[in-house]
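Inside the fold
One letter stands for each residue in the lines below.
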Amino acid sequence: MFHRVLDWVTEDRMQLINITDRVNEIVRKSGVREGLIHLQSLHTTTALFLNEWQGALLEDVRGFFSQLVNSAAYYRHNDPEYSDCERKNADSHLRGMMMGQTLCLQVRNASVLLGTWQSIILAEFDGPRSRSVAVQVSGV
Amino acid sequence: MFHRVLDWVTEDRMQLINITDRVNEIVRKSGVREGLIHLQSLHTTTALFLNEWQGALLEDVRGFFSQLVNSAAYYRHNDPEYSDCERKNADSHLRGMMMGQTLCLQVRNASVLLGTWQSIILAEFDGPRSRSVAVQVSGV
Amino acid sequence: MFHRVLDWVTEDRMQLINITDRVNEIVRKSGVREGLIHLQSLHTTTALFLNEWQGALLEDVRGFFSQLVNSAAYYRHNDPEYSDCERKNADSHLRGMMMGQTLCLQVRNASVLLGTWQSIILAEFDGPRSRSVAVQVSGV
């Protein structure tokens, strides 16, 4: 069982990062040829998911997240009367929760199994921040 | 490979339950120090996900689910002409489907790997009911 | 570790397919009695998830996806000025991303662990197409 932590410093409040190459680098280092790789972003206001890495589409993705969770709505988490959260980031929590912070993928022939158009994307929903993704590779 | 089933009796139609401590208790009993833990709620009208366990935010989360899937809309699943479902719970099915009923997490140093603000949450979308979560711990 | 690829030719732009029986057939062939099964659809405009397989509900599910992501909205991915995508399928990408293309389930007693009402569903969001789901079974 092989473990590593990948770190990033994000630059925008909402930001999409293609982490496919760094994940594959870990698989190569692990020496595992067939098995599973489990990724977990350790932050509730981030997410991990698959999609095509195309500039125009990524803009649509950011627009969709903005529309799915209305940042301008009233949230109790942002209200000092009910919450001591100073980041006013209820919208970030809801986006992270909807998309999920874990991703489990197959390792095949010493690399991550992905379809032609599938990239592994880390979404920052409350940046800029320092972010960590814990990676575990198991198998043979 | 270590298996257990966790049971709950829920009290509200929509209810959020922090199951982190009970999951960690199973990891301790399993004796596994490094590996994977797989959780599956066995009911389509429930979900498992990660988020911060804070009262104000949990109210926002419930409000968001209510808004994401409109309980008052027409659903064929609730229409006796098309369906024999007496629970009228199409909204519960859609919420459970969106959030998912499975969660796979890393076991590290004999406990579930979670970021500082990540709790494991079981969501009831069609209570009150008896609910079961099947847990599998594998590793070394 | 046992690997297979399941193939389908879909018939509609949006289509739901119950793949539970074919997944269980693979588990039987694998000889694994206790472990994990990992499914990954290799296409960004598809998804895998659990729900009840009931005709009336499936119509509600399709209606919900249509409403969650507005196919008639403007998307940069569909705009020849910004994108060379000829399929105009930004809506399909957003639906696939929201629902996810991976599913990890427990193998118990030589079959996939599922609650009474849980079926494994492959969603086509940009058909008709040829589609493949990579399956890995591990355990003892």
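Our subject is the structure that appears above.
A brief structural summary.

**With respect to empty space enclosed by the protein**
Summed over the entire model, instances satisfying the criterion amount to 1 cavity of 30 Å³ or more. Around the largest cavity sit 38 residues that line it, and T102 of chain A, M99 and T102 of chain B together with M99 and T102 of chain C are the ones nearest its centre. Considering only residue class, the lining of the largest cavity consists of 24 nonpolar, 14 polar and no charged.

**What to know about the sheet that holds strand β4 (residues 46-51) of chain B**
Residues and elements named next belong to chain B. Pairing is antiparallel across the open sheet formed by 3 strands, whose spatial order is β2-β7-β4. The open sheet is flanked by β2 (15-18) and β4, the only strands paired with a single partner. For this sheet the average axis-to-axis angle between neighbouring strands, irrespective of direction, equals 30°. As judged from the 4 bridges shared by β2 and strand β7 (residues 119-124), these two strands associate in the antiparallel manner. In the strand pairing of β7, I17 is matched with L122. Along the sheet face, helix α2 (residues 55-68) touches β2, β4 and β7 and points at about 135° away from the line of β2.

**Regarding the side chain of S41 of chain C**
Structurally, the position occupied by S41 of chain C is in strand β3 (residues 35-41). For S41 of chain C, a relative accessible area of 1% puts it in the buried group. With sequence-adjacent residues up to four places away left out, S41 of chain C is seen in contact with Q118 of chain A together with T46, L48, Q101, L122, S132 and V133 of chain C.

**Brief notes about helix α1 (residues 20-30) of chain B**
Residues and elements named next belong to chain B. Along α1, the residues that are buried comprise T20, V23, N24, I26, V27 and S30. The arc that holds the buried residues of α1, viewed along the axis, is 155°, so those residues lie on one side. The exposed residues of α1 that point more than 90 degrees off its buried face are D21, R28 and K29. Among the residues trailing α1, G31 stands out with phi positive, at a value near 80°.

**Quick look at the relation of the copies chain C and chain A**
Of the transformation placing chain C onto chain A, the axial shift is 0.0 Å and the rotation is 120°, giving an RMSD of 0.0 Å. Taken together, these values place the two copies in the relation of a three-fold axis. Little of the interface of chain C is mirrored in chain A, where only 11% of its interface residues again form contacts.

**Observations regarding the interface of chain A and chain B**
Listed per partner, the contact involves 28 residues of chain A and 30 residues of chain B. Between chain A and chain B, a total of about 2400 Å² is buried, with carbon and sulfur atoms accounting for 62% of that surface. Where chain A touches chain B, the interface holds 1 salt bridge. Our enumeration of links across chain A and chain B arrives at 16 residue pairs in polar contact (both at pLDDT 80 or more). Within the residue set of the side of chain A that touches chain B, elements represented by two or more residues are β3 (35-41), α3 (90-99) and β8 (130-139) of chain A. Tallied by class, the residues present in the side of chain A that touches chain B amount to 14 nonpolar, 12 polar and 2 charged.

**Quick word on the nonpolar core**
Ranked by size, the top nonpolar core spans 60 residues in total, and within it F65 of chain A, F65 of chain B together with F65 of chain C carry the most contacts. Setting aside residues up to four positions removed in sequence, F65 of chain A forms contacts with M14, L16, F49, R95, M99 and F125 of chain A together with M97 of chain C.

**Focus on the environment of R129 of chain C**
Residue and element names in this part refer to chain C. Among the secondary structure elements, R129 is positioned in the loop between β7 (119-124) and β8 (130-139). For the pair R129 and E11, spaced 118 residues apart in the sequence, the C-alpha separation amounts to 7.3 Å. With sequence-adjacent residues up to four places away left out, R129 is seen in contact with W8, V9, T10, R87 and E124. Polar contacts involving the side chain of R129 include one to the side chain of D126, which spans 3.0 Å.

**Re the interface of chain C and chain A**
On the side of chain A, 31 residues touch chain C, which itself brings 28 residues to the contact. Carbon and sulfur atoms supply 62% of the area that chain C and chain A bury against each other, a total of about 2400 Å² over both sides. At the junction of chain C with chain A, the criterion picks out 1 salt bridge. Among the salt bridges present, the one from E59 of chain A reaches R76 of chain C, with a minimum N-O distance of 3.2 Å. The interface formed by chain C and chain A includes 16 residue pairs in polar contact (both at pLDDT 80 or more). Here the residues of the side of chain C that touches chain A are counted per class, giving 14 nonpolar, 12 polar and 2 charged.

**As for the pairing of strand β4 (residues 46-51) of chain C**
All names here are of chain C. Summarising burial for β4: 6 of the 6 residues are buried, a large majority. When β4 meets β7, the two strands line up antiparallel, connected through 6 bridges. By the bridge assignment, L50 is partnered in β7 with I120.

**Examining the packing of aromatic side chains**
Inspection of the entire model under this criterion finds 6 aromatic pairs over all chains. For the pair F49 of chain B and F65 of chain B, a centre-to-centre distance of 5.9 Å together with 70° between the ring planes defines the contact as edge-to-face. Of this pair, F49 of chain B sits in strand β4 while F65 of chain B sits in helix α2, and the two are 16 residues apart along the sequence. Since its relative accessible area comes to 4%, F49 of chain B is described here as buried. We classify F65 of chain B as buried; its relative accessible area is 0%. Consider the rings of F65 of chain C and F125 of chain C, whose centres lie 5.1 Å apart with planes at 90°: the pair is edge-to-face. Within this pair, whereas F65 of chain C is found in helix α2 (residues 55-68), its partner F125 of chain C is found in the loop between β7 and β8, the two being separated by 60 residues in sequence. Overall, F125 of chain C belongs to the buried group, its relative accessible area being 1%. Among the aromatic residues, ring-to-ring pairing joins F49, F65 and F125 of chain A into one connected group. When the ring centre of Y82 of chain A is taken as reference, the NZ or CZ atom of R76 of chain A above it lies at 3.8 Å.

Conventions we followed
- Residues numbered from 1 in each chain as written.
- Chains lettered and ligands numbered in written order.
- Predicted model: local features only at pLDDT ≥ 70, side-chain atom pairs only at ≥ 80, totals over all residues.
- Heavy atoms only, no water.
- 1 Å grid on protein atoms, 1.4 Å probe; cavity = no way out; pocket = protein on both sides within 12 Å on 5 of 7 lines; lining within 4 Å.
- Points joined across faces, edges and corners; volume = space filled by probe spheres on them.
- Nonpolar A, V, L, I, M, F, W, Y, C, P; charged D, E, K, R; others polar.
- Pairing = 2+ DSSP bridges.
- Helix = DSSP H or I, 4+ residues; strand = E, 2+ residues; numbered from the N terminus.
- Axes fitted to C-alpha atoms, helices over the stretch in contact; angles between N-to-C directions.
- Contact = heavy atoms within 4.5 Å.
- Buried < 20%, exposed > 50% of the residue type's maximum accessible area, 1.4 Å probe, protein only.
- Arc of directions from axis to C-beta.
- Least-squares fit on C-alpha atoms with pLDDT ≥ 70 in both.
- Buried area = accessible area lost by both parts, 1.4 Å probe.
- Salt bridge = Lys/Arg side-chain N within 4 Å of Asp/Glu carboxyl O.
- Polar contact = N/O pair within 3.5 Å; in protein donor to acceptor, adjacent residues only side chain to side chain.
- Core = buried A, V, L, I, M, F, W, Y, C linked by side-chain atoms within 4.5 Å.
- Phe/Tyr/Trp six-rings, centres within 6.5 Å; stacked < 30°, edge-to-face > 60°.
- Lys NZ or Arg CZ within 6 Å of the ring centre and 35° of its normal.

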